[in-house]
Amino acid sequence: MEALQSVLSLLNEPIVQFFIWVAVLFVIANIFVERRLSFWISSVGATYFWLKNQDPVVALKAWLVVLSVFVVILVVKNVFNLNVVLLLKGKKRCPMCCEEAYRKAKICPHCHYKFASEADECET
Ligand SMILES: [Zn+2]
């Protein structure tokens, strides 16, 4: 019960409410447009709403959180040559066509390249 209570108290945090707005807008936008565009629509939309109706400092803090996550992903990608987003999806890029395929796949679903191993993937 205590875990539930702490989750509920988190919902009172303005920054959490901001991200809920972003998430809801993202889900709605994702029905109509592709993911990358939905991300921008939802984050800019939530920021716009927030600046008009709520404390702008919260929006600023939320953007700092988003930017630091971006920085971490970019650093990991460039320093360790590891794509966190793909890893979380359990996917990799095919060395032949650079399209996404499941890490455990034996054959690329796009170009039918036969993977030598799970680590066999696109360099970029
Ligand atoms: Zn392929």
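### Some details on the overall build of the chain
Secondary structure summary: the chain contains 5 helices and 2 strands in total. When its helices and strands are written in sequence order, the chain yields α-α-α-α-α-β-β. Against the globule reference of 14 Å for 124 residues, the chain gives a C-alpha radius of gyration of 19 Å, more extended than a compact globule. With the principal axes as the frame, the chain shows a C-alpha extent of 55 × 35 × 30 Å. In the chain, buried positions account for 11% of the 124 residues.

### With respect to the packing of helix H2 (residues 14-32) against helix H4 (residues 56-79)
Running from amino to carboxyl end, H2 crosses H4 at an angle of 70 degrees, the nearest separation of the two axes being 9 Å. One element, H2, and the other, H4, form an angle in the roughly perpendicular class. Pair H2 / H4 crosses with right-handed handedness. The residues of H4 that touch H2, namely those facing Pro-14, Ile-15, Phe-18 and Phe-19, are Val-58, Ala-59, Lys-61 and Ala-62.

### Quick notes on the packing of H2 against helix H3 (residues 35-53)
Remark: H2 packs on H3, axes separated minimally by 8 Å, with the N-to-C direction vectors making an angle of 140 degrees. Regarding the angle of H2 to H3, the classification is oblique. Between H2 and H3 lies a crossing whose hand is right-handed. In contact with Phe-18, Trp-21, Val-22, Leu-25, Phe-26, Ala-29 and Asn-30 of H2, H3 contributes Arg-35, Ser-38, Phe-39, Ile-41, Ser-42, Ser-43, Gly-45, Ala-46, Phe-49 and Trp-50. Partitioned by chemical class, the residues of the contact of H2 with H3 number 11 nonpolar, 5 polar and 1 charged.

### Some remarks on the domain arrangement of the chain
Looking at the chain, the domain boundaries give domain 1 (2-82) and domain 2 (90-124). Here the C-alpha centre of domain 2 lies 31 Å away from the C-alpha centre of domain 1.

### Regarding the confidence of the model for the chain
Averaged over all residues, the pLDDT of the chain is 87; the fraction at 70 or higher stands at 99%. Per-element mean pLDDT across the chain ranges from 82 in helix H1 (residues 2-10) up to 94 in strand E2 (residues 100-102).

### Some words on the nonpolar core
Side chains of nonpolar character tend, in soluble globular proteins, to be buried together. Listed in full, the 7 residues of the largest apolar core are Phe-18, Trp-21, Val-22, Ala-46, Trp-50, Ala-59 and Ala-62. Listing elements by their share of this core, those giving two or more residues are H2, H3 and H4. Residue contacts for Ala-62: discarding those within four places in its chain leaves Ile-15, Phe-18 and Phe-19.

### Details of the environment of Ala-29
For Ala-29, the position within the fold is in helix H2. For Ala-29, the residues in contact, after removing those within four places along its chain, are Ser-38, Ile-41 and Ser-42.

Parameters at a glance
Residues numbered from 1 in each chain as written. Predicted model: local features only at pLDDT ≥ 70, side-chain atom pairs only at ≥ 80, totals over all residues. Helix = DSSP H or I, 4+ residues; strand = E, 2+ residues; numbered from the N terminus. Rg over C-alpha atoms; globule rule 2.2 N^0.38 Å. Buried ≥ 20, exposed ≤ 12 C-beta atoms within 10 Å, placed from the backbone. Axes fitted to C-alpha atoms, helices over the stretch in contact; angles between N-to-C directions. Parallel < 35°, antiparallel > 145°, perpendicular 65-115°, else oblique. Left-handed = near helix turned anticlockwise from the far one by under 90°. Contact = placed C-beta atoms within 7 Å. Nonpolar A, V, L, I, M, F, W, Y, C, P; charged D, E, K, R; others polar. Domains from an automatic or database assignment. pLDDT = per-residue confidence, 0-100. Core = buried A, V, L, I, M, F, W, Y, C linked by C-beta atoms within 7 Å.

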